[in-house]
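Architecture and fold: a report
The chain contents come next:
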Amino acid sequence: MKKVSIYNLFFLLLLMAVLPACFNDLDTVPLDDDSVTSAAVYDNPEAYRQVLAKLYAGLAVSGQQGPAGQADISGIDEGFGQYIRGMWYHQELTTDEAVIGWNDKTIKDFHYQSWDANDVFINAFYSRIFYQVSLCNEYLRETTDAKLDGRGVTGDLRTQIGNYRAEARYLRALSYWHALDLFRNVPFVTENDIVGAFFPQQISKDDLFAYIESELLAIENLMVAPKANEYPRADQAAVWTLLAKLYLNAEVYTGTARYTDCANYCSKVIDAGYSLEADYRHLFLADNDNTTETIFGVAYDGKKTQTYGGTTFLVHAPVGGSMLPADFGVAGGWGGVRTTSTFVAKFPAVGSGSVVVAPNPGNTTYPVLYVPGGYQGWDPTKTSTVLASANVDGKYEGYLNFLEDNTEFKFTDGPSWDVNYGDTGADGVLDAGGDNIKAATAGFYKIDVDLNTLTYTLLKTTWGLIGSATPDGWNSDQNMTYDPTSNSWSIQLDLTPGEVKFRANDDWGLNYGDNGADALLEKDGANIQIANAGNYKITLFLDKPDHTYSIELTSFDRRALFVTDGQTLDIDDISQFSNGYAMSKWRNVTRTGQPGSDLDFADTDFPMFRLADVYLMYAEAVLRGGGGSLANALNYVNLVRERAYGGASGDIDQNTLDLDFILDERARELYWEGHRRTDLVRFGKFSNTSYTWQWKGGVKEGASVSSNFDVFPIPSADLGANPNLQQNAGY
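Criteria and cut-off values
Residues numbered from 1 in each chain as written. Predicted model: local features only at pLDDT ≥ 70, side-chain atom pairs only at ≥ 80, totals over all residues. Heavy atoms only, no water. Helix = DSSP H or I, 4+ residues; strand = E, 2+ residues; numbered from the N terminus. Contact = heavy atoms within 4.5 Å. Areas by Shrake-Rupley, 256 points an atom, 1.4 Å probe, with all protein chains shown as cover. Lys, Arg positive; Asp, Glu negative; His and termini not counted. Charge placed at Lys NZ, Arg CZ, Asp CG, Glu CD. Axes fitted to C-alpha atoms, helices over the stretch in contact; angles between N-to-C directions. Parallel < 35°, antiparallel > 145°, perpendicular 65-115°, else oblique. Left-handed = near helix turned anticlockwise from the far one by under 90°. Nonpolar A, V, L, I, M, F, W, Y, C, P; charged D, E, K, R; others polar. 1 Å grid on protein atoms, 1.4 Å probe; cavity = no way out; pocket = protein on both sides within 12 Å on 5 of 7 lines; lining within 4 Å. Points joined across faces, edges and corners; volume = space filled by probe spheres on them. Core = buried A, V, L, I, M, F, W, Y, C linked by side-chain atoms within 4.5 Å. Buried < 20%, exposed > 50% of the residue type's maximum accessible area, 1.4 Å probe, protein only. Expected span 1.5 Å × (residues − 1). Polar contact = N/O pair within 3.5 Å; in protein donor to acceptor, adjacent residues only side chain to side chain. Pairing = 2+ DSSP bridges. Salt bridge = Lys/Arg side-chain N within 4 Å of Asp/Glu carboxyl O. Phe/Tyr/Trp six-rings, centres within 6.5 Å; stacked < 30°, edge-to-face > 60°.

Our next topic: the overall build of the chain. Broken down by element type, the chain carries 19 helices and 29 strands. When the backbone C-alpha atoms are referred to their principal axes, the chain occupies close to 115 × 50 × 45 Å. Within the chain, residue pairs in contact and separated by at least 24 positions form 66% of the contacts whose partners lie at least 6 positions apart. Accessible area of the chain: about 26700 Å², with a carbon and sulfur share of 48%. Measuring between centres, the 55 positive side-chain charges of the chain sit 5 Å from its 95 negative side-chain charges.

Let's shift gears to the packing of helix H16 (residues 630-645) against helix H17 (residues 659-670). At their nearest, the axes of H16 and H17 sit 12 Å apart, and the two run at 40 degrees to each other. Our classification of the angle between H16 and H17 gives oblique. Handedness of the H16/H17 crossing: left-handed. Residue-level contacts link Val637, Val640, Arg641 and Arg643 of H16 to Phe661, Ile662, Glu665, Arg668 and Glu669 of H17. Counted by class, the contact of H16 with H17 contains four nonpolar, no polar and five charged residues.

This paragraph deals with empty space enclosed by the protein. To find the voids left in a structure, one rolls a probe of water-molecule size over its atoms. Per the stated rule, a full pass over the model turns up seven cavities of 30 Å³ or more. Taken as a whole, the largest cavity spans an internal volume of roughly 130 Å³. Along its surface, the largest cavity is lined by 18 residues, and Gln91, Trp177, Gly674, His675 and Thr678 are the ones closest to its centre. Among the elements of the structure, helix H4 (83-93), helix H8 (155-183), helix H10 (236-248), strand E29 (606-610) and helix H18 (676-682) are those that each provide at least two residues to the lining of the largest cavity.

Time to look at the nonpolar core. Ranked by size, the top nonpolar core spans 155 residues in total, and within it Tyr89, Tyr170, Ile212 and Phe296 carry the most contacts. Beyond its immediate stretch of four places on either side in the chain, Phe296 contacts Tyr56, Leu59, Tyr170, Leu171, Leu174, Pro232, Ala234, Ala238, Phe606, Pro607, Met608 and Phe609. By size, the runner-up hydrophobic cluster in this structure holds 29 residues, among which are Leu521, Ile538, Leu540 and Leu553.

Turning our eyes to something else, we now look at the environment of Lys700. By the element assignment, Lys700 lies in the loop between H18 and helix H19 (716-721). Lys700 sits 126 residues away from Ile574 along the chain, and the two C-alpha atoms are 9.4 Å apart.

Between Gly66 and Pro67 the backbone carries a cis peptide bond, its omega angle lying at -5 degrees. Relative to the helices and strands, Pro67 resides in the loop between helix H3 (47-60) and H4. Cis geometry marks the peptide bond from Tyr231 to Pro232, where omega comes out at 10 degrees. The backbone phi angle of Lys105 is positive, close to 45 degrees, even though this residue is not glycine. One can find Lys105 in the loop between strand E1 (99-100) and helix H5 (108-112). At Lys227, a position not held by glycine, the phi torsion is positive, near 70 degrees. Take Lys227: it is sitting in the loop between helix H9 (205-219) and H10. The exposure class assigned to Lys227 is partly exposed, which follows from its relative accessible area of 49%.

Here the second largest pocket defines a volume of roughly 520 Å³. Residue lining of the second largest pocket: 23 residues in total, with Ala533, Arg641, Ile652, Thr656 and Phe661 positioned closest to the centre. At three residues, H17 tops the list of elements feeding residues into the lining of the second largest pocket. Among the residues making up the lining of the second largest pocket, the classes are represented as eight nonpolar, eight polar and seven charged.

It is worth spelling out H10 at this point. Note: α-helices contain 3.6 residues per turn, so residues at a spacing of three or four share the same orientation. With 13 residues, H10 should cover 18 Å at 1.5 Å per step; its first-to-last C-alpha distance of 18 Å lies within 8% of that length. With 13 of its 13 residues buried, H10 lies for the most part within the structure. Measuring from the side-chain oxygen of the N-cap residue of H10 to the backbone nitrogen of Ala237 gives 3.0 Å; that N-cap residue is Asp235.

A word on the environment of Leu659. As for its position among the elements, Leu659 is in helix H17. By relative accessible area, Leu659 is classed as partly exposed at 26%. The spacing of Leu659 and Asp603 is 56 residues in sequence and 36 Å in space, taken between C-alpha atoms. Excluding residues that lie within four positions of it along the chain, Leu659 makes contacts with Glu620, Leu623, Arg624 and Phe683.

Note: strands within a sheet are paired through backbone hydrogen bonds, in either parallel or antiparallel orientation. Taken in spatial order, the five strands line up as E6-E26-E25-E20-E19 in an open sheet, and their pairing is antiparallel. Bordering the open sheet on either side are strand E6 (355-357) and strand E19 (481-483), each of which pairs with just one other strand. For this sheet, the mean angle separating the axes of adjacent strands, direction not counted, is 30 degrees. Two elements, E19 and strand E20 (residues 488-495), share three bridges in a ladder whose sense is antiparallel. Along E20, the bridge assignment pairs Asp483 with Ser488.

Along the chain, Glu167 falls in helix H8. We classify Glu167 as buried; its relative accessible area is 1%. Separated by 3.3 Å, the side chains of Glu167 and Asn229 make a polar contact. Ignoring sequence-local partners within four residues, the contact set of Glu167 consists of Leu52, Tyr56, Met223, Asn229, Arg233 and Ala234.

Another aspect to go through is the pattern of salt bridges. Counted according to the given criterion, the structure contains 46 salt bridges. For the salt bridge of Asp149 with Arg158, the shortest nitrogen-to-oxygen distance reads 2.8 Å. Of the residues examined, Arg158 reaches a relative accessible area of 23% and is grouped as partly exposed. Arg281 is the salt-bridge partner of Asp279, the closest N and O atoms lying 2.9 Å from each other. Here Arg281 falls in the partly exposed class, since its relative accessible area comes to 46%. One network of salt bridges, in which partners are shared, links Glu293, Asp557, Arg559, Lys585, Arg610, Arg641, Arg643, Glu665, Arg668, Glu669 and Glu673.

All right, on to the packing of helix H6 (residues 120-141) against H8 then. Axis separation between H6 and H8 bottoms out at 9 Å; the angle between their running directions is 155 degrees. Here H8 runs roughly antiparallel to H6, going by the angle between their axes. As H6 packs across H8, the resulting crossing turns out to be left-handed. The segment H6 lies against H8, with Ile122, Phe125, Tyr126, Ile129, Phe130, Gln132, Val133, Cys136, Asn137, Tyr139 and Leu140 engaging Tyr164, Arg165, Ala168, Arg169, Leu171, Arg172, Ser175, Tyr176, His178, Ala179, Leu182 and Phe183. The residue makeup of the contact of H6 with H8, split by class, is 16 nonpolar, four polar and three charged.

Moving on, we get to H6. Here H6 spans 31 Å end to end across 22 residues, near enough to the 32 Å set by a 1.5 Å rise per residue. Among the 22 residues of H6, 22 are classified as buried, and the element is accordingly described as predominantly covered.

Next up on the list: the packing of aromatic side chains. Enumeration according to the criterion identifies 55 aromatic pairs in this entry. Centre to centre, the rings of Trp586 and Phe606 are 5.8 Å apart; their planes meet at 10 degrees, and the pair counts as stacked. Of the two residues, Trp586 sits in the loop between strand E28 (582-583) and E29 while Phe606 sits in strand E29, which places them 20 residues apart along the sequence. Just as Trp586 is buried, Phe606 falls in that class too. Each ring, one from Tyr615 and one from Tyr636, has its centre 4.8 Å from the other, and the planes form 10 degrees; the classification is stacked. Linking Tyr615 in helix H15 (residues 611-623) with Tyr636 in helix H16, this pair joins segments that are 21 residues apart in sequence. Comparing Tyr615 with Tyr636, the two get one shared label, buried.

So this is what it looks like as structure tokens:
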């Protein structure tokens, strides 16, 4: 694959000079294409700011014109080679959060975790990282004190260039952090290396960690104060957040824990005045540049930053199946990206958001026996008052509610009085045309009729919920309440993870469970699983031929932005978009529902770092022994969850706050934002682990892979070009 080489930097001046800027207020003016030198470029004082725009644009676009045509790196589709898309592939497709249905080159190897050093996508992002480093290096070469003195730059411009240089160093540190996180030991070049053909030395992961740290510490006080820079340029808070990220993963990178430093820098960010966006969904819309939460983001404009990567990819790729592209502010979907059942299970409810188990209508074609009576106007045609024979064996069963004492009724074998049964003598034996049957007291009755023996029974019932998930466990029922309007029994209560069943009259003589976990109830059936703690409304429907139930969270996690219509939970075939739940997280519409400025390219910005992430990093650092306040950690986590649940119903207590919870909460909060692989590696759940998901390891049920997959290989193309490089272990 031909790619931009970090060994040949002389052309970068040309690239910087001719690229129009990509941000609304950082527009550049194209320069003369025939004669471009550094002196000519910087004759214009605005060029310092214009070329800085190119550095930021390196994260957003893929070449010298949008959306394609003059790529920064070649040998691969230009959209695949874009920075955010490349990072997302590495951080998300390799995990339980995302699968992709396309057959482009080796893309499915990411989810299978079966890549090698010849992988074209790994090569592309590796090249993109070092292209970005090269841009930053060249900018720093052209803004040294000696260069500025030679051009006579003084006054406010000189001061501004000092800020620009700090930002360039920040952007370089960000890319080197991505290199460290993904590749560990990489070739290393700074502005102090000569421009030209040479073989860079390979820096060790420990030394690269130390370099990134030293750069960030050196520029910390050179950056503009938090929230004081023009959007989307970096400021002090962006530096602090990257330091916190570096320290949180220090034990993985170097073997030495730095959790105290992580907590300290998280506190700096938290104290800087950012606040959580009130509505989680607003963070991923076309006008998310207005959010109060983003600390550092990559800006997009559907007219000015056109690319097939970035958020254009994140908006288009998950749209397919029954999803309407217009709902996402685009002209069409790409039908590629979905998620796994393992990730879905981290949320207590999917679908509508609150429904954990939906009622199953079951079979509605069973033979029925009609039950006309005084309670319903003696009308044998009413299909709402029937008993059903589930086994088609002459035995009928059902539930009817009688509002008054001494309610009378009869049975008919059809919607007429032609054949009817009563009970002459009230002896429990049916007689053709016999006397009316009487229920002595009002209530909800189970009625069984056997036309083979012409017998019947009446059992007045009240219903309750019992089980290990209920407040009193298996000791006693939690009483349910009958609703005559819906003809159902329901209860609202707090449940813990465990099991439940429905029981009549506080006795095991009549109870229902669910043998098939299909929301159809069977007498003496299996216990019903409650996977997550929460406040639930549970409803029992016994008026249907097949008895059913529903389980619904009274408050639910609004971050569960799954699309289930037409989608299966399980993934039998990754190539089929209908396999796996789709997502509606990223959209090219505004908060008011208006589409973005372009239906093909998104206005939606990418929040590289945001406050909720910092809250969760602080909590994790504290739990890992980094000092700080456990009370603050719990409060920060609950602030994130209160936004998700729309109130305090999602709050957890100190006993629930542990590292496993933090890992899952990070997934729920930050999915599809490019953090998951790093998190799983840090928690020891990416490779060489019992934690699997569908198609990990290349098999449907999921399989563990070798620990070398925690790090990506140095691309073979670079190994062949530079004799100073050694491959990462296992490749």
